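Letter by letter, the chains look like this.
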Amino acid sequence: MNATVSTAIFGGFMVLTVALGLLAVRGRGSEGGLAEWSVGGRSLGTVFIWVLMAGESYTSFSYLGAAGWGYNFGAPVLYVLAYMSCGYALGYVVGPMLWAYARRHQLVGITDMVAHRYRAPWLGGAVAVLATVCLLPYIQLQITGMGVVVSTISYGAISLNWAYFLAFAVTTGFVVISGLRGSAWVSVLKDILVIATLGFLAVYVPLHYFGGYGPFLHRIVAEKPQWLTFPGHASGGLGPVWFVTTTVVNSLTVVIFPTTVAGCLGARNAEVLRRNALYLPFYNVLLFVPMLLGMAALFVVPGLVGADSNLALFKLVVDSLPAWAVGLTGVAAALSSIVPMAVFMLVIGTMWGRSVLGARSHPDGGAGEASGDGGRRADGGRQKLWSQVVVVVAGALALLLTYTAPDTLVRLSLISYEGMAQLVPMLLLGLVWRRLTLRAAVSGLVAGFALVCVLVFGGHDPVGGMNAGIVALAVNVAVALGVTWLGPRDADVRPDAEVLALDDEFPRDGARSRDGAAGPTASS
C-alpha cells in the first residue's frame, strides 16, 4: 500500500511536469528559432530567471550528495554554500556583461562568445566538445540521483534501471520541444515543492527524533565533534586550504558554467540579472537542511557506507513519514534532478547545433549567421533542429553511461567544475583584455585541462591540501600570460566595441550604449 500511494503521487506529478513544459511554449515553440528555444527568446523576467537559476544550484546533489557529505564528513560540505554565495556576488557583475555581449552580437552561448571574440569558428566547436566532456557526467549525476530517489520512495517497487530510464524520458519529453522556457516553468513547480518539503523536514526531523534542535546539536557536540571542524571526519584532508581554494575556483567557474550563462542570456534585461544575484542567496539557506539532516542520520541510521550514505536523508523520510509525504518529498527531489538535467541537455544541444553541426564561417570570424534575414532564419531553423537531435543523443549517452559506468555523485560533480574552470581565462579575461591572443588562450586551456586530468584521474585531488582545479587554473593563467607577452600579436583590426565586453555596453535603465541605442528597460 505504501509503495502504491507514493508511486501514484510521483507518477501524477511527472505527468504534470511534462504538461507544464509543453504548455510553456504554446503558441511559440513550433515557430520560434534557436534563440527562442535555447535562451527563451531573451525575454524571461525576474521570477523565471530566479527559479531557473535556483534550479541549477539545488539539484539531486543537494538532496543526496550534500546529505551524504554531512553524514560522512561534516564541516567540509559547507563549501557548497561558500562558493555559491561568492559566485552570486561575481554574477552581479559578470552576468550583465555576458548578457550584453551576447545580445549585441546575437550569440546564444559560451561557444558563440569565444568564436566571436577570437574570430575562430573552429574554437567554438572545440569548446563545445570540451564542455560536453565535462557536462555529460553531470547529466549522469542527475540521472543517477533521480534513479536513487525514485527507487527509494517507491519502497523498491521501481527498480533503479527503470528509474534511470524514467529520468531520461521525462526530461527529454519536454526539453526537446519547449527548451529553456519550459525548464523555467517546471522550475516554479519544483521550487514550491522544495521549499515546502525542506521547510517541513527542517522542523519535523529534529523534533521527531531528538526533541528539538537543542538536544540534537548538543548530541552532535558531545558524540560527533569531529564532524563540526575541519578537516571533518575521515575526509582525506579536506581542510581549510582545500575549503578556500575550492570556494575560489568554483565561484569563478559557476559564473561561466554553460547552464548559468544560458540562464543569464534568457533574461529580459541586465537589471533582471542584478536583482537575481541579490535574491539567489536567500534560496541557498535551504542547503543547510540536507546538510544538517545528513548529520542527524548519523544517530538514526548509523553504519551507512559508500553510495548508501547518499541515502541518509531519504532513510529518515521513509522511516518516519506516511507514504503520501514520502511521495511529495520524492517529487521535490526528482524535480531537482529534472530541471538542471534539462538545462544541461539543452546547453549541450545548443553548443553542438550552433558551433559544430550548424556552424558557418563569417568574414568577421563569427559563427552560424548567414547574411540577410532569410539566411539567418534558415540557419536558425537548421541549428535548432540539430540542437534538438543532439539533446536526445546526449541524454541517451548519459543514460548509457549510468548503466555501464556508474560513479559517486560528488566525484562526478567535482570533475565537471574543475574541467570547466579552465575556460575562465579564455572567456572572462578575453572579454576584458584585448591583448589576450588566440594562441595564448588555447595554450592556457590545453595546459590547464591536461593538468586537471592528470591530477584528478591520478588520485591527486586535493594536491598539497589545495583543490586540483585551482592549481590547474593557475598554470592555465600563467601559460596564457606568458604566450601573450612573449608570442606574436594577433592582427585584429576590429574596434574594441566588437571584441570586448565594455562597461558602457550594458547601461542601467535610461542610459545610452556606445552605439547610441537606448538601454533596456527594467520591466520584470
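Anything mentioned here points back to the structure above.
Report on the accompanying structure. (Residues numbered from 1 in each chain as written. Predicted model: local features only at pLDDT ≥ 70, side-chain atom pairs only at ≥ 80, totals over all residues. Heavy atoms only, no water.)

## Re the pattern of salt bridges
Using the following cut-off: Should a side-chain nitrogen of Lys or Arg be within 4 Å of a carboxyl oxygen of Asp or Glu, the pair is scored as a salt bridge. In DSSP terms, a helix is any run of H or I states spanning at least four residues, a strand is any run of E spanning at least two, and both are numbered starting from the N terminus. Only protein chains enter the area calculation, which uses a 1.4 Å probe; residues under 20% of their type maximum are buried, those over 50% are exposed, and those in between are partly exposed.
A complete count under the given rule lists eight salt bridges for this structure. With its nearest N and O atoms 2.9 Å apart, the salt bridge here joins Arg274 to Glu271. Remark: Glu271 and Arg274 occur in helix H12 (residues 270-284); sequence separation between them is three residues, near one turn of the helix. The partner of Arg434 in a salt bridge is Asp496, and the shortest N-O contact between them spans 2.7 Å. Of this pair, Arg434 sits in the loop between helix H18 (424-432) and helix H19 (438-457) while Asp496 sits in helix H21 (residues 496-499), and the two are 62 residues apart along the sequence. In this structure Asp496 comes out as partly exposed when scored by relative accessible area, which is 38%. A cluster of three or more residues bridged by salt bridges with shared partners is formed by Arg119, Arg434, Asp492, Arg494 and Asp496.

## Structural notes on the packing of aromatic side chains
Defined as follows: Pairing of aromatic rings covers Phe, Tyr and Trp, the last counted by its six-membered ring, and requires centre-to-centre distances within 6.5 Å; plane angles under 30 degrees mean stacked, over 60 mean edge-to-face, and any other angle means tilted.
All told, the structure shown has 20 aromatic pairs when counted by the stated rule. Ring plane angle 25 degrees and centroid distance 5.9 Å describe the contact between Tyr79 and Tyr83, whose orientation is recorded as stacked. Of the two residues, Tyr79 and Tyr83 both sit in helix H5 (residues 79-105), four residues apart, roughly one turn of that helix. For the pair Tyr79 and Tyr83, a shared accessibility class is recorded, and that class is buried. Within the aromatic cluster, the residues linked to one another by ring pairs are Trp69, Phe73, Tyr79, Tyr83, Tyr138, Trp242, Phe257, Phe344 and Tyr417.

## A closer look at the side chain of Thr247
Heads up, the rule is: In the analysis that follows, any N or O atom pair within 3.5 Å is treated as a polar contact, provided that within protein one partner can donate a hydrogen and the other can accept it, and provided that, for residues neighboring in sequence, both atoms belong to side chains. In this description, contact between two residues means that some pair of their heavy atoms is separated by no more than 4.5 Å.
Looking at the element boundaries, Thr247 is found in helix H10 (residues 240-256). Overall, Thr247 belongs to the buried group, its relative accessible area being 9%. A distance of 2.8 Å separates the side chain of Thr247 from the backbone oxygen of Phe243, its partner in a polar contact. Apart from residues no more than four positions distant in its own chain, Thr247 is found in contact with Tyr79, Ala82, Tyr83 and Cys86.

## Some thoughts on the environment of Ser416
Counting through the fold element by element, Ser416 comes out in helix H17 (residues 409-420). On the basis of relative accessibility, which here comes to 0%, the residue Ser416 falls in the buried class. C-alpha separation for the pair Ser416 and Phe257, spaced 159 residues apart in sequence, amounts to 9.7 Å. Contacts of Ser416, omitting those with residues within four sequence positions, involve Cys134, Pro137, Tyr138 and Phe257.

## Brief notes about unusual backbone geometry
Residue Pro231 follows Phe230 across a cis peptide bond; omega there is 5 degrees. Here Pro231 is to be found in the loop between helix H9 (213-223) and H10. Here the bond from Asp461 into Pro462 is cis, since omega is 5 degrees, no more than 30 degrees from zero. Relative to the helices and strands, Pro462 is located in the loop between H19 and helix H20 (468-486). Unusually for a residue other than glycine, Arg119 sits at a positive phi of about 50 degrees. Secondary-structure assignment places Arg119 in the loop between helix H6 (110-117) and helix H7 (121-153).

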